[in-house]
Structures are given as C-alpha cells and as structure tokens.
Amino acid sequence: MVKKNVCVFISGRGTNLNNLIKRSREYNFPVKIKLIVSNNINAEGLKYAKINSIPFTLINTKLNNFERKIFKELKRYDISLICLAGYMKIISKNFIKLFGKKIVNIHPSLLPKFKGLNTFSRVIENKEIRSGCTVHLVNEKLDSGKIIAQKYFFINECDKENDIKIKTQRLEYLAFPEAIIKLYRNN
Ligand code: GRF
C-alpha cells in the first residue's frame, strides 16, 4: 500500500499526534506522518517529533508570511492531508485555498454543539446527557465543516470537567484514525 503523506498541526500536549504516529505504523493504515507544525515552541507534543525523528517546523503566526512558510514545507514533503490536533490558531480562508487539499480537525464536543473553546465546562453547565468528539473537515467557518466521524459517551451525574475531558480524549484516539481511514476509503 502506498501511504499518503500527512502533516499534523499542534499547539500543546500532542497526545492525538502520538496516537496518530502509532496508528500510522500499522501496515494497512492509509497515511504516514511526514511533518509536524507547531505555533508553540514549548508545545509538549514536539517531543513526539523528536522521539520518532519526524521533521517539524515552528511557525510564528505574528509574521506576515507565516502561511507561505508552512505552504512551502507542505510542498516539500508532498503533504496531501493536514490534521489539526489541538492546534489553537484559526486557519485562514487564504490558507485553505492555497493548500487546496483536505484539512481535518478534531473537536472535543458533539458538533454542531459547543463550537469554540471551553467545551467541557459548557457541557456541564448545559446539563448534557451525552458528550463526545467530532472529526470534521475544516472550512472558513469555525468548527463547521462536514463531519467525518463522531463518537459519544453518556455523562454520569458525578462527572466533573476533568472526567468529561478524560472520557472525550479516550474517544478522540479512536475517532481521529477512523476518520482518516474513512477519508481514504472514499477516495
Ligand atoms: C483535544 O481534546 C482536541 O479535541 C482539541 O485539543 C485537544 C488536543 O489534545 N482540539 P492533544 O494535544 O492531542 O493532547
């Protein structure tokens, strides 16, 4: 199987990145992680780039030409899919156009509910019965593109924010790889 090249964007812990790196080693997983992009020099997740000898690029989103810089790297590694895994910056309309291929994001709620930040506290405030995660295509509107995969769990009355977070992330490690497999199965 000829695997497609993926770039993962991170800003923080990178546990989804780590999970994708592991899954991508399976012989029948459709992609390999060729490049990592971080806007945060202190992102904990960069350790997975180092441990696994995967090239990474640090970007300064305050610079005018930072999107051009990313684009150049994406070309260099022949990237055909971008996975946003805890990347805390908004992807511009221009960049989406410039890249011209699919970009997917993982979000810790059952979209279209709870777009944006602080999802876990809002889930509790809203007395939701269920919560979960969503992998969706990225378009110019925040957390609004076509849904590729979604997984949920039922909330216990005693669940606090951190319990919801742990349960959500456990499902993320299943949903993200599943979404990638789906994307390539349909191609
Ligand atoms: C995940 O919960 C994801 O849904 C959100 O950011 C978090 C990233 O976690 N977009 P990690 O950096 O992969 O550990």
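All values reported here derive from a predicted model rather than from experimental measurement.

What counts and how
- Per-chain numbering applies: the sequence of each chain, read as written, is numbered from 1 onward.
- Only residues with pLDDT of at least 70 get local features here, since the model is predicted, and only at 80 or more are side-chain atom pairs given and counted; chain-wide, interface and lining totals rely on the full set of residues.
- Only hydrogens and water are set aside; all other atoms, that is, all heavy atoms of the structure, feed into the side-chain values.
- If a single non-hydrogen atom of a residue is within 4 Å of a molecule or strand, that residue counts as near it.
- As used in this structure description, the phrase polar contact means that two N or O atoms lie within 3.5 Å; if the pair is within protein, one of them must be able to donate a hydrogen and the other to accept it, and residues adjacent in sequence are counted only when both atoms belong to side chains.
- Only the protein chains shown count as cover for residues, and the accessible areas themselves come from Shrake-Rupley with a 1.4 Å probe.
- Only protein atoms enter the calculation, which uses a 1 Å grid: trapped sets of points that fit a 1.4 Å probe without letting it out are cavities, open sets showing protein on both sides within 12 Å along at least five of seven lines are pockets, and any residue with an atom within 4 Å of a point is a lining residue.
- Pocket or cavity membership: a molecule qualifies when more than half of its atoms sit within 2 Å of the grid points of that site.
- Only DSSP runs of H or I reaching four residues or more are called helices, and only runs of E reaching two or more are called strands; each is numbered from the N terminus.
- In this classification, the charged set is Asp, Glu, Lys and Arg, the nonpolar set is Ala, Val, Leu, Ile, Met, Phe, Trp, Tyr, Cys and Pro, and all remaining amino acids, among them Gly, are polar.
- Any two strands between which DSSP finds at least two bridges are classified as paired.
- The convention used is that axes are lines fitted to C-alpha atoms, helices contributing only their stretch in contact, and that angles between N-to-C directions extend from 0 to 180 degrees.
- Grid points are joined across faces, edges and corners, and a volume is the space filled by probe spheres set on the points.
- Burial classes follow relative accessibility: with a 1.4 Å probe on protein chains only, a residue under 20% of its type's maximum area counts as buried, one over 50% as exposed, and anything between as partly exposed.
- The directions considered for the arc run from the helix axis to the C-beta atoms.
- We call two residues in contact when some of their heavy atoms are within 4.5 Å.
- For this classification, under 35 degrees means roughly parallel, over 145 means roughly antiparallel, 65 to 115 means roughly perpendicular, and everything else is oblique.
- Left-handed is the label given to a crossing in which the near helix is rotated counterclockwise from the far helix by less than a right angle, and right-handed is the label when the rotation is clockwise.

### Description of the site of the ligand
Item 1. Residues in close proximity to the ligand include Arg13, Gly14, Thr15, Asn16, Gly86, Ile106, His107, Pro108, Gln169 and Glu172, which together make up its full environment.
Item 2. Asn16 has a polar backbone atom sitting 2.8 Å from an oxygen atom of the ligand.
Item 3. In this structure, an oxygen atom belonging to the ligand sits 2.9 Å away from a side-chain N or O atom of Gln169.
Item 4. The protein chains hide 86% of the 360 Å² of surface that the ligand would expose on its own.
Item 5. According to the grid-proximity analysis, the pocket containing the ligand is the largest pocket.
Item 6. Listed by contribution, the elements that provide at least two residues to the shell around the ligand are α1 (15-23), β5 (102-107) and α6 (161-185).
Item 7. For the shell around the ligand, the residue count by class is two nonpolar, six polar and two charged.

### Section: the sheet that holds strand β1 (residues 4-10)
Item 1. Spatially, seven strands are ordered β3-β2-β1-β4-β5-β6-β7 in an open sheet, and the strand pairing comes out mixed. The sheet is open, and its two borders are formed by β3 (56-58) and β7 (147-154), each paired with just one other strand. Direction aside, the axes of adjacent strands within the sheet are offset by 20° on average.
Item 2. When strand β6 (residues 130-137) meets β7, the two strands line up antiparallel, connected through seven bridges.

### Side note on the layout of surface pockets
Item 1. If you add up the space inside the largest pocket, you get close to 970 Å³.
Item 2. If you trace the largest pocket, you find 39 residues lining it, with Gly86, Tyr87, Met88, Pro108 and Leu117 closest to the centre.
Item 3. Listing elements by their share of the lining of the largest pocket, those giving two or more residues are α1, β5, α5 (119-125), β6 and α6.
Item 4. Here the lining of the largest pocket gets five residues from one element, more than from any other, and that element is α6.

### Description of helix α3 (residues 66-76)
Item 1. Inspection of α3 places Phe66, Glu67, Ile70, Phe71, Glu73 and Leu74 among the buried residues, and these make up the whole buried set. Down the axis of α3, the sector holding all buried residues measures 160°, keeping them to one side. Across α3 from its buried face, at more than 90 degrees, point the exposed residues Arg68, Lys72, Lys75 and Arg76.
Item 2. Looking at the buried side of α3, the elements it contacts are β1, β2 (31-38), β3, β4 (79-84) and α4 (93-99).
Item 3. Asp78 lies just past α3 and shows a positive phi near 50°.

### Comments concerning the packing of α1 against α6
Item 1. As a packed pair, α1 and α6 sit with axes 10 Å apart at the nearest point and diverge in direction by 50°. The orientation of α1 relative to α6 falls into the category oblique. The crossing of α1 and α6 is right-handed. For the pair α1 and α6, the contacting residues are Thr15, Asn16, Asn19, Leu20 and Arg23 in the first and Gln169, Glu172, Tyr173, Phe176, Pro177, Ile180 and Ile181 in the second.
Item 2. Among the residues forming the contact of α1 with α6, the class breakdown is six nonpolar, four polar and two charged.

The analysis is restricted to geometry; functional conclusions fall outside its scope.
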